[in-house]
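Examining the three-dimensional arrangement
This is what each chain is made of:
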Amino acid sequence: MKPNQWMSLLGLANRARKIISGEELVVKEIRSGKAKLVLLSADASANTAKKVTDKCKSFSIPYKIVENRNVLGQSIGKEARVVVAVLDAGFANKLKQVLD
């Protein structure tokens, strides 16, 4: 797998309006069961990382850690993003394969 394949896939999901970013919005989507996969940047604050991973575990939603917030933001054409939720099962499954 190419190292940036997940980034272009996430960009595609973003253009299809199948992702949401921002801690509060992501936690809301996890609670509602709409989030299919959560991407968390490795440089997220301890508080944010704990909050998001705990929520993912309690609602059994898979999550992956990615390099850093700049890479995550760049892949969706925005400034730095700490956490992104993928709302589409197809994109989520493909991203999981690419990131494993």
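Predicted model only: the values in this text are computed from it and were never measured. (Residues numbered from 1 in each chain as written. Predicted model: local features only at pLDDT ≥ 70, side-chain atom pairs only at ≥ 80, totals over all residues. Heavy atoms only, no water.)

1. Focus on the packing of helix 1 (residues 5-15) against helix 5 (residues 89-99)
One can describe the packing of helix 1 onto helix 5 by two numbers: an axis separation of 9 Å at closest approach and a directional angle of 170°. Classified by the angle their axes make, helix 1 and helix 5 are roughly antiparallel. Across from Gln-5, Trp-6, Leu-9, Leu-10, Leu-12 and Ala-13 in helix 1, the residues of helix 5 making contact are Phe-91, Lys-94, Leu-95, Val-98 and Leu-99. The class makeup of the residues in the contact of helix 1 with helix 5 is nine nonpolar, one polar and one charged. (Axes fitted to C-alpha atoms, helices over the stretch in contact; angles between N-to-C directions. Helix = DSSP H or I, 4+ residues; strand = E, 2+ residues; numbered from the N terminus. Parallel < 35°, antiparallel > 145°, perpendicular 65-115°, else oblique. Contact = heavy atoms within 4.5 Å. Nonpolar A, V, L, I, M, F, W, Y, C, P; charged D, E, K, R; others polar.)

2. Concerning helix 2 (residues 23-32)
Taken as a whole, helix 2 has its buried residues at Val-26, Val-27, Glu-29 and Ile-30. Mapping the buried residues of helix 2 onto a view down its axis gives an arc of 160°, with all of them on the same face. Helix 2 presents Glu-24 and Lys-28 as exposed residues on the side facing more than 90 degrees away from its buried surface. Looking at the buried residues of helix 2, the elements they touch are strand 1 (19-21), strand 2 (37-41), helix 3 (46-58) and strand 4 (83-86). Note on helix 2: the residue one or two positions beyond its end, Gly-33, has a positive phi of about 80°. (Buried < 20%, exposed > 50% of the residue type's maximum accessible area, 1.4 Å probe, protein only. Arc of directions from axis to C-beta.)

3. Re the pattern of salt bridges
It is possible for side chains bearing opposite charge to pair when their charged atoms get close. For the structure shown, the criterion picks out six salt bridges. A salt bridge links Glu-24 to Lys-51; the nearest nitrogen and oxygen atoms lie 3.1 Å apart. Of this pair, Glu-24 sits in helix 2 while Lys-51 sits in helix 3, and the two are 27 residues apart along the sequence. For Lys-51, a relative accessible area of 33% corresponds to the partly exposed category. (Salt bridge = Lys/Arg side-chain N within 4 Å of Asp/Glu carboxyl O.)

4. Remarks on the environment of Lys-94
On the secondary structure map, Lys-94 appears in helix 5. C-alpha of Lys-94 to C-alpha of Ala-42: the two residues are 52 residues apart in sequence and 21 Å apart in space.

5. Brief notes about the confidence of the model for the protein
Residues with a pLDDT of 70 or more make up 97% of the protein, whose mean pLDDT is 92. Here helix 4 (residues 69-75) is the element of the protein with the lowest mean pLDDT, 92, and strand 4 is the one with the highest, 96. (pLDDT = per-residue confidence, 0-100.)

6. Concerning helix 5
Within helix 5, the full set of buried residues consists of Phe-91, Ala-92, Leu-95 and Val-98. In an axial view of helix 5, the angular spread of the buried residues amounts to 130°, which keeps them on one side of the axis. On the buried face of helix 5, the contacting elements are helix 1, strand 2 and strand 4. You can read the cap of helix 5 off the contacts: a side-chain oxygen lies 3.1 Å from the backbone nitrogen of Gly-90, and it is on Asp-88. (Polar contact = N/O pair within 3.5 Å; in protein donor to acceptor, adjacent residues only side chain to side chain.)

7. Some points on unusual backbone geometry
One non-glycine residue, Arg-17, lies in the positive phi region at around 60°. Inspection of the secondary structure assignment puts Arg-17 in the loop between helix 1 and strand 1. A relative accessible area of 75% means that Arg-17 is categorised as exposed. Positive phi values are uncommon outside glycine, yet Ser-60 reaches one of about 40°. Inspection of the secondary structure assignment puts Ser-60 in the loop between helix 3 and strand 3 (63-66). Judged by its relative accessible area of 64%, Ser-60 falls in the exposed class.

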